[in-house]
Amino acid sequence: MVAGRRGAWRPDHAPDGSDDDPFALGDRDRDRAPEKRGPSLKARAVAYLSRREYARVELARKLGAYTEDQAALDALLDDLEREGWLSTRRFAESLVHRRAERQGAARIVQELRQHGVDEAQIGELRDGLKATEYDRALAVWNKRFGARPADRAAYAKQARFLAARGFAHDVIRRVLGDDGED
């Protein structure tokens, strides 16, 4: 080694790309594609799916970072659906089950659309959510407030809270005991 500036390390030989330089890249090394490391695309997909359910669009987005071949990714997703690993219907039902206790139908439907769930499936789930929306809104409201609003400011605050959770305006009026005043 040759000592140079303090703390710097330089090899004994000139970095001209010769065989003596252990850090020089030869022509054959530069032209070679980088080796792929890590688990296969299917192994990554199965690892994701073993943790929780995913919609097809969402899983494709996550796996897209690990491949440039869209055809191979689509074929893998088709195989996963055929084998029962991937199901957008299961994902949608799981999301509804997790969110229904605290959120209204509008907010849950919006999240399902963001994850690329089919509109027909969303329609079926929305009908079930609408049927129980009043009871769910009442439970959320009771947990947070529990008392009817005393004035317009309290009414507005409680209504905003329920609206932010995705509950419908007619349900909010019923929960808050709107007696027709504006």
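Up top is the structure.
The residue numbering used here restarts from 1 in each chain and proceeds along that chain's sequence as written. Residues qualify for local features only when their pLDDT is at least 70, as the model is predicted, and side-chain atom pairs are given and counted only at 80 or more; totals for whole chains, interfaces and linings, by contrast, use all residues. The side-chain values count all of the structure's non-hydrogen atoms but skip hydrogen atoms and water molecules.

Chemist: Could you clarify how one ought to interpret the nonpolar core in this entry?
Modeler: Considering soluble globular proteins, one finds that nonpolar side chains tend to be buried as a cluster. Within this scheme, the nonpolar core is defined by two criteria: the residues are buried Ala, Val, Leu, Ile, Met, Phe, Trp, Tyr or Cys, and they are joined through side-chain atoms within 4.5 Å. For the exposure calls, accessible area comes from a 1.4 Å probe over protein chains only, and a residue counts as buried if that area is under 20% of its type's maximum, exposed if over 50%, partly exposed in between. Of all hydrophobic cores here, the largest spans 14 residues; its most connected members are Val96, Ile108, Leu112, Val117 and Leu129. The way it works is that DSSP assigns letters per residue, a run of H or I at least four long becomes a helix, a run of E at least two long becomes a strand, and they are numbered from the N terminus. Where this core is concerned, the elements lending two or more residues are α5 (88–99), α6 (105–114) and α7 (119–144). Should any heavy atoms of two residues lie within 4.5 Å, those residues are considered in contact. Setting aside residues no more than four positions away along its own chain, valine 117 makes contact with Thr88, Phe91, Ala92, Leu112 and Ile122. Residues Leu49, Tyr54, Leu77 and Leu86 belong to the second largest nonpolar core, which totals 13 residues.

Chemist: For this particular structure, what's the right way to read the packing of aromatic side chains?
Modeler: Ring pairs (aromatic) are described by centroid distance and by the angle formed between their planes. Any two of the Phe, Tyr and Trp rings considered here, Trp counted by its six-membered ring, make a pair once their centres fall within 6.5 Å; the pair's planes then place it as stacked at under 30 degrees, edge-to-face at over 60, or tilted in between. Here the structure, examined in full by the defined rule, presents two aromatic pairs. Note on phenylalanine 145 and phenylalanine 161: the rings are 5.4 Å apart at their centroids and 85 degrees apart in plane angle, and the pair reads as edge-to-face. Here the residue phenylalanine 145 occupies a position in the loop between α7 and α8 (152–164), and phenylalanine 161 occupies one in helix α8, the gap between them amounting to 16 residues. Charge over a ring is defined by NZ of Lys or CZ of Arg lying within 6 Å of the ring centre and within 35 degrees of the ring normal. Sitting above the plane of the tyrosine 66 ring, arginine 44 keeps its charged end 3.7 Å from the centroid. Arginine 174 extends its terminal NZ or CZ atom over the ring of tyrosine 134, reaching a point 4.1 Å from the ring centre.

Chemist: How should the pattern of salt bridges be read in this particular structure?
Modeler: In a structure, side chains of opposite charge can pair up when their charged atoms sit close to one another. Salt bridge, as used here: a side-chain nitrogen of Lys or Arg that lies within 4 Å of a carboxyl oxygen of Asp or Glu. Across all of its chains, the model carries nine salt bridges by this definition. With a shortest N-O distance of 3.0 Å, arginine 90 and glutamate 53 are connected by a salt bridge. With arginine 90 in helix α5 and glutamate 53 in the loop between α2 (41–51) and α3 (56–63), the pair connects residues that are 37 residues apart, well separated along the chain. For glutamate 53, a relative accessible area of 23% corresponds to the partly exposed category. Two residues, arginine 89 and glutamate 124, come together in a salt bridge whose shortest N-O distance is 3.4 Å. Of the two residues, arginine 89 sits in helix α5 while glutamate 124 sits in helix α7, which places them 35 residues apart along the sequence. Here arginine 89 falls in the partly exposed class, since its relative accessible area comes to 37%. Here the salt bridges do not stand alone but share partners, grouping Arg56, Asp78 and Glu81 into one network.

Scope: geometric values only; no functional claims are made or implied.
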